Amino acid sequence: MAVQQTLSILKPDATRRNLTGRINALIEASGLRIVAQKRLLLARAQAEAFYAEHRERPFFASLCATMSEGPVVVQVLEGEDAIPRYRTVMGATNPTVADPGTIRREFAESIEANSVHGSDSLATANREIAFFFSQTELVG
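Please read these numbers as outputs of a predicted model, since none were measured by experiment. (Residues numbered from 1 in each chain as written. Predicted model: local features only at pLDDT ≥ 70, side-chain atom pairs only at ≥ 80, totals over all residues. Heavy atoms only, no water.)

Caption draft 1: Expanded view of the pattern of salt bridges. Taken as a whole, this structure holds 8 salt bridges when the rule is applied. Residues Asp13 and Arg17 are paired through a salt bridge, measuring 2.9 Å at the closest nitrogen-oxygen approach. With relative accessibility at 3%, the residue Asp13 sits in the buried group. Notably, a salt bridge pairs Glu109 with Arg16, separated by 2.8 Å at the nearest N-O pair. (Salt bridge = Lys/Arg side-chain N within 4 Å of Asp/Glu carboxyl O. Buried < 20%, exposed > 50% of the residue type's maximum accessible area, 1.4 Å probe, protein only.)

Right under this line is the structure:
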């Protein structure tokens, strides 16, 4: 097992419903540590830049609109096998098939308003963390 870092975003649907503490409690209960965190409002252009790899997909415009409709909480999580561990804690993208006790099963409103985002690989995590945080902001 390797100590990794991964990006977590608590999406606008979660911050609107004041779920930050409840979601972070599930994250921390899984053994992951929050080593950086900030609350911000993504401009549409920032959302488009962050999700640029999905530009050609049919959901791109809707995703960017959703991510810029209200505040998000961006976080860096750290721990043993943080990337797959957080993906397990998040649950399936579709909350109706997500395992009980996962963030998306417990809190998501829909496939799109599914409360959280997480990096899917080490390369993605490195790129996504650097998008939002400088090295001096990562305080493990």
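That covers the picture; the talk isn't over yet.
Caption draft 2: Expanded view of helix α2 (residues 20-29). Thr20, Ile23, Asn24 and Ile27 are the residues of α2 that are buried. Burial along α2 is one-sided: seen end-on, the buried residues are contained in an arc of 95°. Structural note: α2 exposes Gly21, Arg22 and Ala29 on the side pointing more than 90 degrees away from its buried face. Just beyond α2, the residue with positive phi is Gly31, at close to 100°. (Helix = DSSP H or I, 4+ residues; strand = E, 2+ residues; numbered from the N terminus. Arc of directions from axis to C-beta.)

Caption draft 3: View of the nonpolar core. Counting 19 residues, the largest nonpolar core has Leu7, Ile9, Tyr51, Met67, Val76, Phe132 and Phe133 as its most contacted members. Of all elements in the fold, only β1 (3-10), β2 (33-40), α3 (44-50), α4 (60-67), β3 (72-80) and α7 (122-132) reach the threshold of two or more residues within this core. No other element matches the 4 residues that α4 contributes to this core. Excluding residues that lie within four positions of it along the chain, Leu7 makes contacts with Phe50, Gln75, Tyr86, His117, Gly118, Ser119, Glu128, Ile129, Phe132 and Phe133. Among the nonpolar cores identified, the runner-up in size contains 15 residues, and Ala14, Ile23, Leu77 and Val89 belong to it. (Core = buried A, V, L, I, M, F, W, Y, C linked by side-chain atoms within 4.5 Å. Contact = heavy atoms within 4.5 Å.)

Caption draft 4: Representation of the sheet that holds β2 in the model. An order of β2-β3-β1-β4 is seen for the 4 strands of this open sheet, with the pairing classed as antiparallel. Of all strands in the sheet, those with a lone pairing partner are β2 and β4 (116-118), marking the two edges. On average, adjacent strands in this sheet sit at an angle of 20° to one another, irrespective of strand direction. Here helix α5 (residues 82-90) sits on the sheet and contacts β1, β3 and β4; the angle it forms with β1, its principal contact strand, is near 35°. (Pairing = 2+ DSSP bridges. Axes fitted to C-alpha atoms, helices over the stretch in contact; angles between N-to-C directions.)

Caption draft 5: View of the environment of Pro12. Looking at where Pro12 falls in the secondary structure, it is placed in helix α1 (residues 12-16). Taking the C-alpha atoms as reference points, Pro12 and Val73, 61 residues apart in sequence, are found 8.4 Å from one another. Those residues in contact with Pro12 that lie beyond four places of it in its chain are Thr66, Met67, Glu69, Gly70, Pro71 and Val72.

Caption draft 6: A look at α4. For α4, every residue scored as buried is listed here: Phe60, Leu63, Cys64, Thr66 and Met67. For α4, the buried positions fall inside an angular range of 160° around the axis, keeping them on one side. Buried residues in α4 make contact with β1, α1, α3 and β3.

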